[in-house]
Amino acid sequence: MVSRNSIAFAVASCGIATYSVMDALMKGLSITSGAYSAVLWRSVVGVLLLGVVFVARRRPWPGPAARRLHMMRGGTAGISVLLFFWGLVRVPMAQGVALTFLAPLIALYFAAALLGESIRRTAILGSIVASLGVLVIAAGEVQAQASTAHILGSMAIFAASIFYAYSLILLRQQAQVADPLEVALFTSMVLSGLLAIGAPWFAGLPLLAQLPAIGAAAALGSVSAMALAWAYGRAEAQVLAPVEYTAFVWAAILGYLFFGEQVSLFTVAGAMLIIAGCLVAIRGPAAPAPQTEAAA
């Protein structure tokens, strides 16, 4: 019988694949019009698409606890995506995604500290294996490119990974009090509202030729957000965090197809370690809770 965790992991994997295609579209938009404009208009279109469905289904307005989480995650996700796409313009997609793999590792410890989850031994082992893959990829890419723009882009994506790690924990909390549609819609609403504040200074109107790409990115982002919210509502953060590593394979393929970015042997070796880490992380029982002195 297929376990609940396995189903959630599979759904999250589909969400990551969908998000990776959106990343490729967003990188192209960020190159032509800047990361701020690209994220703003994708978010606005996403709100329109999800809002129609939300209203058609006559969903109630979220309560105070849910609204607070939506605000927190919208702000955190906004900082993360802006930093990520700004950096992604300056580094190959494969390297950019590899750097974000720090987020699931950080999320494991955020989950333990903030959600009280017991960290599984297999999750720790899988994360260690996957982190070795990240190091291999990073070593190869740094050797290939060491320009100032490359370094700044890498630093921005590293910072984005920290905010993204926290957003994963907030997503887990959101998924306990709201359904996937509400999570995706209200997170996008908060993000759009925050970005709109700086729009007069940092954003411009999209070109007519960019509208199909913006619409596609918004649709893909919305589907991905709902898939991840559904998965995080049914499995612990530490079980799903390693699924982020599968994005590397998609980034390598899409980076080559869209931008002619080559994949090195370092990248291939790192990807194999990452996939192995994912497989290890989703297996095995939960680690027993440590005994207190009274229990002992």
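Quick caveat: nothing in here was measured; it's all calculated off a predicted structure.

A.B. asks: Would you take a moment to explain the packing of aromatic side chains for this structure?
C.D. replies: The geometry of an aromatic ring pair is captured by two quantities: the separation of the ring centres and the angle between the planes. Under the definition given, this model contains 6 aromatic pairs. Centroid distance F110 to Y166: 5.9 Å. Interplanar angle 65°. Geometry classified as edge-to-face. Here F110, found in helix 5 (residues 102-115), pairs with Y166, found in helix 7 (residues 148-177); they are 56 residues apart in sequence, far enough to count as distant. By relative accessible area, which is 25% here, F110 ends up partly exposed. Each member of the aromatic cluster is reached from another via a ring pair, and the members are F54, W61 and F186. Looking at K27, its charged tip hangs above the ring of F259, at a distance of 5.0 Å from the centre.

A.B. asks: Could you clarify how one ought to interpret the nonpolar core in this entry?
C.D. replies: In globular proteins that are soluble, nonpolar side chains generally tend to be buried together. Of all hydrophobic cores here, the largest spans 59 residues; its most connected members are M26, V39, F85, F101, L240 and F248. Broken down by element, this core gets its largest block of residues, 8 residues, from helix 1 (residues 4-33). Those residues in contact with V39 that sit more than four places away from it in its chain are M26, V81, L82, F85, L191 and L195. Counting 7 residues, the second-largest nonpolar core is a separate cluster that includes L50, L181, A184 and L185.

A.B. asks: In this structure, what is going on with empty space enclosed by the protein? I would like to understand it.
C.D. replies: Here the idea is plain: a probe the size of a water molecule rolls over the atoms and shows the empty space left. Taken as a whole and judged by the stated rule, the model has 2 cavities of 30 Å³ or more. Each pocket or cavity is described by its volume, and for the largest cavity that value is around 640 Å³. Along its surface, the largest cavity is lined by 35 residues, and Y19, R42, R73, V81 and Y164 are the ones closest to its centre. Those elements giving two or more residues to the lining of the largest cavity turn out to be helix 1, helix 2 (35-56), helix 3 (64-88), helix 4 (93-100), helix 7, helix 8 (180-202) and helix 9 (211-232). Counting residues per element, the lining of the largest cavity draws most heavily on helix 9, at 7 residues. Along the lines of polarity and charge, the residues of the lining of the largest cavity split into 20 nonpolar, 11 polar and 4 charged. Roughly 30 Å³ of volume is contained in the second largest cavity. Lining the second largest cavity, in full, are P92, M93, A94, A251, A252, G255, E261, Q262 and V263. Elements supplying a minimum of two residues to the lining of the second largest cavity: helix 4 and helix 11 (247-259). Among the elements that take part in the lining of the second largest cavity, helix 11 stands out by supplying 3 residues, more than any other. A per-class count over the lining of the second largest cavity returns 6 nonpolar, 2 polar and 1 charged.

A.B. asks: Explain the confidence of the model for the protein chain here, please?
C.D. replies: Close inspection of predicted coordinates is inappropriate for parts of the model with low pLDDT. Predicted confidence across the protein chain gives a mean pLDDT of 83, with 91% of residues reaching 70 or more. The lowest-confidence element of the protein chain is helix 10 (residues 237-240), averaging 74 in pLDDT; the highest-confidence one is helix 2, averaging 93. Contacts of residues 285-296 to residues separated by more than four positions or lying in other chains number 8 contacts, the stretch itself having pLDDT below 50.

A.B. asks: Is there a simple way to think about the side chain of S224 in this case?
C.D. replies: Positionally, S224 belongs in helix 9. There is a polar contact of 2.7 Å between the side chain of S224 and the backbone oxygen of G15. Among residues more than four places away in sequence, those in contact with S224 are G15, T18 and Y19.

A.B. asks: I keep staring at unusual backbone geometry and nothing clicks. Help me out?
C.D. replies: For residues that are not glycine, phi is negative in most cases, and the peptide bond is trans in most cases. One non-glycine residue with positive phi stands out, namely R58, at about 55°. Exposure remark for R58: the relative accessible area of 78% places this residue in the exposed category.

A.B. asks: What is the right way to look at the pattern of salt bridges in this model?
C.D. replies: In a structure, side chains of opposite charge can pair up when their charged atoms sit close to one another. For the structure shown, the criterion picks out 2 salt bridges. Here D179 and R59 are joined by a salt bridge, their closest N and O atoms 2.0 Å apart. Within this pair, whereas D179 is found in the loop between helix 7 and helix 8, its partner R59 is found in the loop between helix 2 and helix 3, the two being separated by 120 residues in sequence.

The rules behind the values
- Residues numbered from 1 in each chain as written.
- Predicted model: local features only at pLDDT ≥ 70, side-chain atom pairs only at ≥ 80, totals over all residues.
- Heavy atoms only, no water.
- Phe/Tyr/Trp six-rings, centres within 6.5 Å; stacked < 30°, edge-to-face > 60°.
- Helix = DSSP H or I, 4+ residues; strand = E, 2+ residues; numbered from the N terminus.
- Buried < 20%, exposed > 50% of the residue type's maximum accessible area, 1.4 Å probe, protein only.
- Lys NZ or Arg CZ within 6 Å of the ring centre and 35° of its normal.
- Core = buried A, V, L, I, M, F, W, Y, C linked by side-chain atoms within 4.5 Å.
- Contact = heavy atoms within 4.5 Å.
- 1 Å grid on protein atoms, 1.4 Å probe; cavity = no way out; pocket = protein on both sides within 12 Å on 5 of 7 lines; lining within 4 Å.
- Points joined across faces, edges and corners; volume = space filled by probe spheres on them.
- Nonpolar A, V, L, I, M, F, W, Y, C, P; charged D, E, K, R; others polar.
- pLDDT = per-residue confidence, 0-100.
- Polar contact = N/O pair within 3.5 Å; in protein donor to acceptor, adjacent residues only side chain to side chain.
- Salt bridge = Lys/Arg side-chain N within 4 Å of Asp/Glu carboxyl O.

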